[in-house]
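Structural overview
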Amino acid sequence: MDDSEFMTAADVQLMQALAQRMVAVRPDLVNSDASFGELAWNWGKGHASQGGSWRRRLWFSGGELVAWGWAQLPHRVRRNDGSVKDVTSAYLAYQVDPDHGELVDEVIGWYDGVADGIERTVVPQAADEFALKRWAAHGYGTDPDSLGDTGSWTQLNVRDLDELEQPVLPDGFRFRTADEAGPRAVVQAHVDAWAPSPYTAEAYEDVRRTLPYRGDLHVLVEAPDGTMAASTIMWLDEANRTAEFEPVGTHPDYRRRGLGRAMLLHGMSRARDAGARHMTVACLGAPGHPGARGLYYSVGFREFTRDVPLIKTVR
């Protein structure tokens, strides 16, 4: 296919297959929104509310997907507190197989066309020197919002699962799975952690339909009063024996009690039992965003690679 179309669940599976091949040979080139788990999460949580503003293009070689672009065009986001956020710029998630690097220019040309007249952003990986040169040649520069102590760039963190601490929860708290807690509690846990949030029961149903979602790898921490105080989903890539945390969140009333740390350790143990040998998680990397990064470092993660937010303004 070489035309622009709306994103489908079948498209996501093709993109995930490319992500798996990339992880096997050049994991440092997997773009921040192009990982196996991130693709599933982003499509699932946003399809119902934002899918009408998405466009995608796929490039094949010999029947195998070798590049793709997913343009998220201006749209309106309605959140659970009644507020509305208007997104006025375009964002591109994309991936190109390094054996087909010439397609980077085609991806850029397609994006410039589908988002013509709109401010455009994209986040290639810092390790992808070839792609960075091609984006620069097409007029993309460093996004000013990504600079400084409160910059918006993201780093990917990794650790192996050979040795894990035993998780410790405060008295009265316990681990649950999404299968045990049920959809209503799962959705509320996410909304509480990320309020104000556009997440809904319909969005969760789309998440559950994505591959490789598993309710037993969606874990939560239940407080003594029955509140789901923290939650995370783990996305297992069986081909590469890796798993990814996305998202990770804690209810604001239950932060700084060690729940997130215990949940991550518990989750990694479940992922290892399911066959994973390595774990990844992303976070903001700038110095002014130490919270999540410190949490992940405390359970053994270390930075593996980072992205480079780029922007092309409207003239």
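Up top is the structure.
Quantities reported herein were computed from a predicted structural model and do not represent experimental measurements.

1. Section: the overall build of the protein chain
Counting secondary structure elements, the protein chain contains nine helices and 15 strands. Over its C-alpha atoms the protein chain spans a radius of gyration of 19 Å, differing by no more than 12% from the 20 Å that the globule rule assigns to 315 residues. Overall, the C-alpha framework of the protein chain stretches about 55 × 45 × 40 Å when taken along its three principal axes. When burial is assessed residue by residue, the protein chain has 51% of its 315 residues classed as buried. The long-range share in the protein chain, meaning contacts at least 24 apart out of those at least 6 apart in sequence, stands at 72%. When the accessible surface of the protein chain is totalled, it reaches about 14,100 Å², and 48% of it is carbon and sulfur. In the protein chain, 33 side chains carry a positive charge and 45 a negative one; their mean positions are 3 Å apart.

2. Some points on the nonpolar core
When a protein is soluble and globular, its nonpolar side chains tend to lie buried together. With 30 residues, the main nonpolar core has Phe173, Phe245, Met268, Met279 and Phe301 as its most contacted residues. Those elements that place two or more of their residues in this core are β10 (218-222), β11 (228-237), β12 (242-250), α8 (259-273) and β13 (278-284). No other element matches the seven residues that α8 contributes to this core. What phenylalanine 173 contacts, discounting residues up to four positions off in sequence, is Val221, Glu222, Ala223, Pro224, Ala229, Tyr254, Arg257 and Leu259. In this structure, Ala67, Leu73, Leu92 and Leu103 belong to the second largest nonpolar core, which totals 23 residues.

What counts and how
- Residues numbered from 1 in each chain as written.
- Predicted model: local features only at pLDDT ≥ 70, side-chain atom pairs only at ≥ 80, totals over all residues.
- Heavy atoms only, no water.
- Helix = DSSP H or I, 4+ residues; strand = E, 2+ residues; numbered from the N terminus.
- Rg over C-alpha atoms; globule rule 2.2 N^0.38 Å.
- Buried < 20%, exposed > 50% of the residue type's maximum accessible area, 1.4 Å probe, protein only.
- Contact = heavy atoms within 4.5 Å.
- Areas by Shrake-Rupley, 256 points an atom, 1.4 Å probe, with all protein chains shown as cover.
- Lys, Arg positive; Asp, Glu negative; His and termini not counted.
- Charge placed at Lys NZ, Arg CZ, Asp CG, Glu CD.
- Core = buried A, V, L, I, M, F, W, Y, C linked by side-chain atoms within 4.5 Å.

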